[in-house]
Amino acid sequence: MTLFDSHFHLYDDKYGNEQDEIIKNAHDNGVKYMVDIGLDEETSKIVIEQANKYEGLYCAIGMYPEYCNGDEIDLSFIEKLYNENQNVVVALGEIGLDYHGDDVNKENQKKHFIRQIEIANKLNLPICIHNREADMDMLEILKSHKVNKGFVMHCFSSSLEIAKEIIKLGGYISIAGPVTFKNARSLIDIAKFVPLDKLLIETDAPYLCPEPLRGRRNEPANVRFTAQKIADIKEMSLEEFVHNTTENAKHFYNIT
Ligand SMILES: [Zn+2]
């Protein structure tokens, strides 16, 4: 069985210097493919370095919405880094809208999100979307700015209605550890609804550790708990479910 963790952060401080162990543990648990997701220029450079170092590790580069509240954010690093590292960069991400908290400038976030969609289209890359408390603006942008190579809503946490809109737009939905939590009713309905060929799984590690390890530091090896839970929800064998989501992720990220 070959698992694919479609979204996590190997450079996070919580891992200290344990990157070798995290990757080895993933491989030992059948997680052959992983995508390490950047948040700004500095972490984009780090994920590229890490993806060049580890077998089966790819990366996404871009500017996180929280860092896009300013007026003119320099995004030129994206194209430059991509051109030098096309062997490992498989998407732009994570990018999007995050209206949670103070000091949010919605107009500037939207402007820089749209700019990054345009860069993705120029570079022929899909995008990994972070969306928090911004459903309506997110849908409006996705309807008016087509992402040619496709998009995934990472760690999906919106409603079933929004999930339906995303599927109508041809997007993928990625589900993380919270589907295993006790209060996961709405995510369970969403997992049931999302067509099998539009579903990805992820850890978003080191965060959101699934049951039975909830509360601990998360890592890609744990993506199997989320896979088992959704396989049960969809009344499929784990093997068949994992085969499907791994093929989906390989297709989405254009990994052969
Ligand atoms: Zn993330």
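A brief report on the enclosed structure follows. All values reported here derive from a predicted model rather than from experimental measurement. (Residues numbered from 1 in each chain as written. Predicted model: local features only at pLDDT ≥ 70, side-chain atom pairs only at ≥ 80, totals over all residues.)

### Some thoughts on unusual backbone geometry
Residues apart from glycine generally show negative phi values, whereas peptide bonds are mostly found in trans. Inclusion rule: In this description a helix means any DSSP run of H or I spanning at least four residues, a strand means any run of E spanning at least two, and both kinds are numbered starting from the N terminus.
Here the bond from A205 into P206 is cis, since omega is 15°, no more than 30 degrees from zero. One can find P206 in the loop between β8 (199–201) and α8 (223–233). P212 follows E211 through a cis peptide bond whose omega is 10°. Topologically, P212 is positioned in the loop between β8 and α8.

### Focus on helix α2 (residues 41–53)
For the record, the criterion: In this scheme, a helix's expected span is set at 1.5 Å multiplied by one less than its residue total. Whether a residue is buried, exposed or partly exposed is read from the other C-beta atoms within 10 Å of its own C-beta, which are placed from the backbone; 20 or more gives buried, 12 or fewer gives exposed, and intermediate counts give partly exposed. Think of it as the arc spanned by the lines of direction from the helix axis to the C-beta atoms. A pair of residues counts as a contact when their C-beta atoms, built from backbone coordinates, are within 7 Å of each other.
Helix length check: α2 (13 residues) gives 19 Å between terminal C-alpha atoms against 18 Å at 1.5 Å per residue, within 8%. For α2, the complete set of buried residues consists of E41, T43, S44, V47, I48 and A51. Along α2, the residues classed as buried sweep out an arc of 160° about the axis, all on the same side. Tucked into the core, α2 has its buried residues touching β2 (31–37), β3 (57–61), α3 (76–84) and β4 (89–98).

### Focus on the pairing of β3
Counted only if it meets this: Strand pairing follows a simple DSSP-based rule, namely that at least 2 bridges must link the two strands. For the handedness criterion, the strands are oriented away from the viewer, and a crossover whose path from the first strand over the helix to the second runs clockwise is classed as right-handed.
Most of β3 sits inside the fold, with five of its five residues counted as buried. Taking every second residue as pointing to the same face, both faces of β3 are buried, with L57, C59 and I61 on one and Y58 and A60 on the other. Pairing analysis gives four bridges linking β2 to β3, with the strands arranged parallel. Residue pairing across strands places I37 opposite A60, the latter belonging to β3. In this region the chain leaves β2, passes through α2 and returns to the parallel neighbour β3; the handedness of that crossover is right-handed. Note: β3 against β4, three bridges, orientation parallel. By the bridge assignment for β4, I61 is matched with L92.

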